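The chain contents come next:
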Amino acid sequence: MRETGSNDIHEAMAGHSNYVGRFAPSPSGPLHLGSMLAALASYLDAKAAGGQWLVRIDDIDTPRNVDGAEEVILRTLEAHGLYWDGALTRQSERLDQYEAALAELAQKGLLFWCSCSRKSLRGNIYPGKCRQHTAHREDCAIRLRTPPGEVRWQERSGQAHSENVEKTVGDYVLKRRDGIFSYQLCVVVDDADSGINHIVRGDDLRITTGRQIQLTRLLGYPEATYLHIPTINSRSGHKLSKQTFAPGVDTQNPNQTLTTLMQLLGLVTPTNALHLSIEELLRIAIEQWRLVATEGRYQPTAIENFVGF
Ligand code: GLU
């Protein structure tokens, strides 16, 4: 396991609360400006609360992992002064925990083994064909027998959300036929095991929140609070992402990048931002975040219309 380098901000701000937050990048490419925004927002939120900020590498979907991406991601965080607390974790090293969570769901009668091909389903809500197969079968995906009813939660923005997961996604896959555990299951198990109680991440993941809260409740884990920050769009109107070939953040100009990100988050930046040390700049950002975004007050409107590169 890899430990973070120490830095003064940690010593000054850590240990004053039970806040535990995280940034969880997938190593499928370098960090682009949109993922750095999520990294910075989650870091500032944790540090403004005197909490811990963990980093987890979401490398469960092994075919999508890119060689060397993890190293580039970690170097990029460090180049911007974003040092994580404690040991880095990787999903690829936690398969036993996911298996144990599945066993628990199976024991509750909430799983079934499904042999339907993706092609036969054509992206439709699962029609329930294999629901009666509640015991292990070879060469099958494992699906959740999604319980009926609304999953309700309130986001940090104050917005109330509700999703009837049975109707929106139906019986979703928790372990693929190729043996890979699903993102939904891993994130829920990881966050619970690490004691994550505050999740700050990009808006694009809001659509996964209903499923994740549902799984959290089915497994009897404590629930985290959610703050979804807007994503950055490219000029063509698409979210910056690896799929749209958004460029990796340049590590040569960390003050410039941090200043841009602070502005995107609606924070006031000092006029001498480019001449400050990264640590001084982050301290100012933490103070600013404390003013605009402490528990319950952040209204993520500042960057809704931001157009990037
Ligand atoms: N690993 C996920 C991603 O890169 C994020 C996980 C999460 O924040 O829930 O999209």
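This is a predicted model, so every value here is computed, not measured.

Overview of the environment of V55
Move 1: With respect to the secondary-structure elements, V55 resides in strand β2 (residues 52-57).
Move 2: The exposure class assigned to V55 is buried, which follows from its relative accessible area of 1%.
Move 3: Considered as a pair, V55 and R90 are 35 residues apart in the sequence and their alpha carbons are 8.9 Å apart.
Move 4: What V55 contacts, discounting residues up to four positions off in sequence, is F23, P25, L74, L77, W84, A87, L88 and T89.

Brief notes about the packing of aromatic side chains
Move 1: As enumerated under the stated definition, the model contains 4 aromatic pairs in all.
Move 2: For the ring pair F23 and W53, a centre distance of 6.5 Å and an interplane angle of 10° mean the geometry is stacked. Of the two residues, F23 is situated in strand β1 (residues 20-23) and W53 in strand β2; the sequence distance between them amounts to 30 residues.
Move 3: For W53, a relative accessible area of 0% puts it in the buried group.
Move 4: An aromatic cluster is present here, built from F23, Y43 and W53 joined pairwise through their rings.
Move 5: Stacked on the ring of Y172, the Lys or Arg R211 has its end atom at 6.0 Å from the ring centre.

Brief notes about the environment of S277
Move 1: As for its position among the elements, S277 is in the loop between α9 (254-264) and α10 (278-293).
Move 2: With 23 residues separating them along the chain, S277 and P254 place their C-alpha atoms 9.7 Å apart.

Topic: the site of the ligand
Move 1: Neighbouring residues of the ligand: R22, A24, S26, D58, Y183, V187, R201 and L205.
Move 2: Residue S26 places a side-chain N or O atom 3.0 Å away from a nitrogen atom belonging to the ligand.
Move 3: In isolation the ligand has 300 Å² of accessible area, and contact with the protein removes 81% of it.
Move 4: Here the residues of the shell around the ligand are counted per class, giving 4 nonpolar, 1 polar and 3 charged.

Rules used in this analysis
- The residue count restarts for each chain, going from 1 along the sequence in the order it is written.
- Local features in this predicted model are restricted to residues of pLDDT 70 or higher, and side-chain atom pairs are both shown and tallied only at a pLDDT of 80 or more, whereas totals for entire chains, interfaces and linings draw on every residue.
- As a rule here, side-chain values cover all heavy atoms of the structure and leave hydrogens and water aside.
- The secondary structure listing takes helices from DSSP runs of H or I that are at least 4 residues long and strands from runs of E that are at least 2 residues long, numbered from the N terminus.
- Burial classification: accessible surface area is computed with a 1.4 Å probe over protein chains only, and a residue below 20% of its type maximum counts as buried, one above 50% as exposed, and the rest as partly exposed.
- In what follows, residue pairs with any heavy atoms lying within 4.5 Å of each other are defined as contacts.
- Classification of ring pairs rests on two measures: the distance between centres of Phe, Tyr or Trp rings, Trp counted by its six-membered ring, which must be within 6.5 Å, and the angle between planes, read as stacked under 30 degrees, edge-to-face over 60 and tilted in between.
- Whether a charge sits over a ring depends on NZ of Lys or CZ of Arg being within 6 Å of the ring centre and within 35 degrees of the ring normal.
- For this purpose, a residue is taken to be near a molecule or strand whenever a single non-hydrogen atom of the residue falls within 4 Å of it.
- Under the rule applied, a polar contact is a pair of N or O atoms within 3.5 Å (in protein, one hydrogen donor and one hydrogen acceptor; residues adjacent in sequence only if both atoms are side-chain atoms).
- Using a 1.4 Å probe, accessible areas were evaluated by the Shrake-Rupley method; residue-level cover was limited to the displayed protein chains.
- Polar here means any residue outside two lists: the nonpolar Ala, Val, Leu, Ile, Met, Phe, Trp, Tyr, Cys and Pro, and the charged Asp, Glu, Lys and Arg; Gly therefore counts as polar.

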